[in-house]
Amino acid sequence: MHYKTLGKSAIEVSEVSFGCMSLGEDHAANAALLHRALDKGITLFDTADLYQKGENEVTVGKAFKGMRDRVVLATKVGNQWRPDGSGWDWNPSKAHILRAVEESLKRLQTDYIDLYQLHGGTIEDPIDDTIEAFETLRRQGKIRAYGISSIRPNVIREYVRRSDIASVMMQYSLLDQRPEEACLGLLQQHGIGVLARGSYAQGLLLGKPPKSYLGHPEAEVAAAAEAVRKTAGIQRTAAEVAARFVLHHPAITSAVLGIRTEEQLGDALQVAEAAPLKEADLEQLRQAAKPILYEQHR
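Overview of the structure. These numbers come from a predicted model, not from an experiment.

1. What about the overall build of the protein chain?
So, step 1. A tally of regular secondary structure across the protein chain gives 11 helices and 12 strands.
So, step 2. Against the 2.2 N^0.38 benchmark of 19 Å for 298 residues, the protein chain shows a C-alpha radius of gyration of 19 Å, consistent with a compact globule.
So, step 3. C-alpha atoms of the protein chain, sized along the principal axes, occupy 50 × 45 × 40 Å.
So, step 4. In the protein chain, which comprises 298 residues, the proportion classed as buried is 56%.
So, step 5. Contacts spanning at least 24 positions in sequence make up 74% of the contacts within the protein chain whose residues lie at least 6 apart.
So, step 6. On the protein chain, roughly 13,000 Å² of surface is accessible, and the fraction owed to carbon and sulfur atoms is 49%.

Listed below in C-alpha cells is the structure:
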C-alpha cells in the first residue's frame, strides 16, 4: 500500500480508500470487513451523516472503537434529514454544521474527526458562514481538517479562493474526465488533495451491461469497457485498470472505492498493489472515451 499526505494537512492516507456508503446492516459483518481492510493497509474510511440516516456512521464507529489511532475517519455534513424521515434538505449553515458534528462524533464514538467534508454545495450558499463553521471546529479540536465533496467548478473555485480546505472529493473516471478540464490542475497548483470517487463508473467499466452515461452513448460506454478489458489482459483485472487510470493523475491523493463485500475488498486491495499504467495504455484508454465537459456550474 502506498500513502500520501492529504493536501496541506498533516494527515497521511492510503492511496486506496474504503467508501463505506454501501455497507449493510450487520454490524459484525461490517466490522470484519473494515478490520480486514485496515489490516491490509487501508487507512482512510469515508462515510456521511446522510447515509442510512446516520447508521452508516454508527457501524463505522462500532467497528473502530478502541482502534481510533489507527484509522483516518472522514465524514460529511450538509444534508439535513426532515423530522418525519421523508427526505432531506440542503443546509450548509454554520448553526447546522456545529450541531450536526456533535451527532456524528457520538455515532462514530470519537472526540475528533480527521476530515469533515461539506456534502455538496452551491454557489448560492453562505460560503463564508460555512467556512467559519469548519474553522471553528478545527480551532476546537473537533476536526483535524476540512474539505468539500463537489463536482461543481464554480463552487470549488470559491473554496480554493476563500478557505483552507485540505481536499475536494469528486467523481472522476475514464467515462467522467470532466475534472481534468478546470479542477484537477487548479487543486494541484494550490496543494489541495483530491479524493476520487466513481472510478468504476457505476460498474460500467467492469463489465456491467452498457448504457448511456453522462452523455456518452451506449456504444461509447461499451467501447470504453472493452478498452479496459483489453488493457487488463491476463495480467490485470478491470478494476485495477479503471482505478489506476484515476490514480495516474498527479492531483489524485486517493481513490475512494465503494466496498460492501469481500470480493469488492479483494478488488480494492489488488488495485493498491497494482503497478501504474504505461503511457501507451493510458493513450489507448483515452481514445476509447471522448472527454466530456461540465455543462452547468462552470
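2. What about the side chain of Asp 46?
So, step 1. Residue placement: Asp 46 occurs in strand β4 (residues 44–46).
So, step 2. Given the relative accessible area of 4%, Asp 46 is considered buried.
So, step 3. In contact with Asp 46, not counting residues within four places along its chain, are Phe 18, Gly 19, Cys 20, Met 21, Tyr 51, Ala 74, Lys 76, Gln 117, Met 169 and Val 256.

3. Notes on the nonpolar core
So, step 1. The biggest cluster of nonpolar side chains holds 82 residues, and the ones touching the most others in it are Phe 18, Phe 45, Phe 64, Tyr 116 and Leu 175.
So, step 2. By size, the runner-up hydrophobic cluster in this structure holds 12 residues, among which are Leu 6, Leu 44, Ala 74 and Val 256.

4. Side note on the packing of aromatic side chains
So, step 1. Inspection of every chain in the model, using the stated rule, returns six aromatic pairs.
So, step 2. Ring centres of Phe 134 and Tyr 146 lie 5.1 Å apart, and the angle between their planes is 5°; this geometry places the pair in the stacked category. Of this pair, Phe 134 sits in helix α4 (residues 127–139) while Tyr 146 sits in strand β9 (residues 143–149), placing them 12 residues apart in sequence.
So, step 3. With a relative accessible area of 0%, Phe 134 lands in the buried category.
So, step 4. Judged by relative accessible area, Tyr 146 falls into the buried class, the value being 1%.
So, step 5. Through a chain of ring-to-ring contacts, three or more aromatic side chains come together here, namely Phe 18, Phe 45 and Phe 64.
So, step 6. Across the ring face of Trp 81, the terminal group of Lys 53 is positioned such that the distance to the ring centre comes to 5.0 Å.
So, step 7. For the cation-ring pair, Arg 68 lies above Tyr 112, with the distance from its terminal atom to the ring centre recorded as 4.0 Å.

5. Details of the environment of Val 77
So, step 1. When you line up the elements, Val 77 lands in strand β5 (residues 72–77).
So, step 2. When the C-alpha atoms of Val 77 and Ile 97 are compared, they prove to be 6.7 Å apart, with 20 residues separating the residues in sequence.
So, step 3. Each residue touching Val 77, except ones within four places of it in the same chain, is listed here: Asp 49, Trp 90, His 96, Ile 97, Ala 100, Tyr 116, Gln 117, Leu 118, His 119 and Phe 134.

6. With respect to the layout of surface pockets
So, step 1. Considering only enclosed or pocket space, the largest pocket measures out at about 950 Å³ in volume.
So, step 2. Around the largest pocket sit 33 residues that line it, and Met 21, Arg 197, Gly 198, Val 256 and Gly 258 are the ones nearest its centre.
So, step 3. Across the lining of the largest pocket, the residue classes break down as 13 nonpolar, 14 polar and six charged.

7. Concerning the pairing of β9
So, step 1. In terms of residue burial, β9 counts as a mostly covered element, since six of its seven residues are buried.
So, step 2. Where strand β8 (residues 113–118) and β9 come together, five bridges link them in parallel fashion. If you follow Ile 113 over to β9, its bridge partner there is Ile 143.
So, step 3. Read from β8 through α4 to β9, the crossover connection turns out right-handed.
So, step 4. Of the crossover connections in this fold, the one passing from β9 over helix α5 (residues 153–162) to the parallel strand β10 (residues 167–171) is right-handed.

8. Some points on the packing of helix α8 (residues 218–232) against helix α9 (residues 238–247)
So, step 1. It is the contact of α8 with α9, at a shortest axis distance of 8 Å, that shows an interaxial angle of 110°. In terms of their interaxial angle, α8 and α9 are classed as roughly perpendicular. On α9, the residues that touch Val 228, Thr 231 and Ala 232 of α8 are Ala 238, Val 241 and Ala 242.
So, step 2. A class-by-class count of the residues in the contact of α8 with α9 yields five nonpolar, one polar and no charged.

Each value, and the rule that gives it
Residues numbered from 1 in each chain as written. Predicted model: local features only at pLDDT ≥ 70, side-chain atom pairs only at ≥ 80, totals over all residues. Heavy atoms only, no water. Helix = DSSP H or I, 4+ residues; strand = E, 2+ residues; numbered from the N terminus. Rg over C-alpha atoms; globule rule 2.2 N^0.38 Å. Buried < 20%, exposed > 50% of the residue type's maximum accessible area, 1.4 Å probe, protein only. Contact = heavy atoms within 4.5 Å. Areas by Shrake-Rupley, 256 points an atom, 1.4 Å probe, with all protein chains shown as cover. Core = buried A, V, L, I, M, F, W, Y, C linked by side-chain atoms within 4.5 Å. Phe/Tyr/Trp six-rings, centres within 6.5 Å; stacked < 30°, edge-to-face > 60°. Lys NZ or Arg CZ within 6 Å of the ring centre and 35° of its normal. 1 Å grid on protein atoms, 1.4 Å probe; cavity = no way out; pocket = protein on both sides within 12 Å on 5 of 7 lines; lining within 4 Å. Points joined across faces, edges and corners; volume = space filled by probe spheres on them. Nonpolar A, V, L, I, M, F, W, Y, C, P; charged D, E, K, R; others polar. Pairing = 2+ DSSP bridges. Right-handed = clockwise from strand over helix to strand, strands pointing away. Axes fitted to C-alpha atoms, helices over the stretch in contact; angles between N-to-C directions. Parallel < 35°, antiparallel > 145°, perpendicular 65-115°, else oblique.

Remember, this is a structural readout, not a statement about activity or role.
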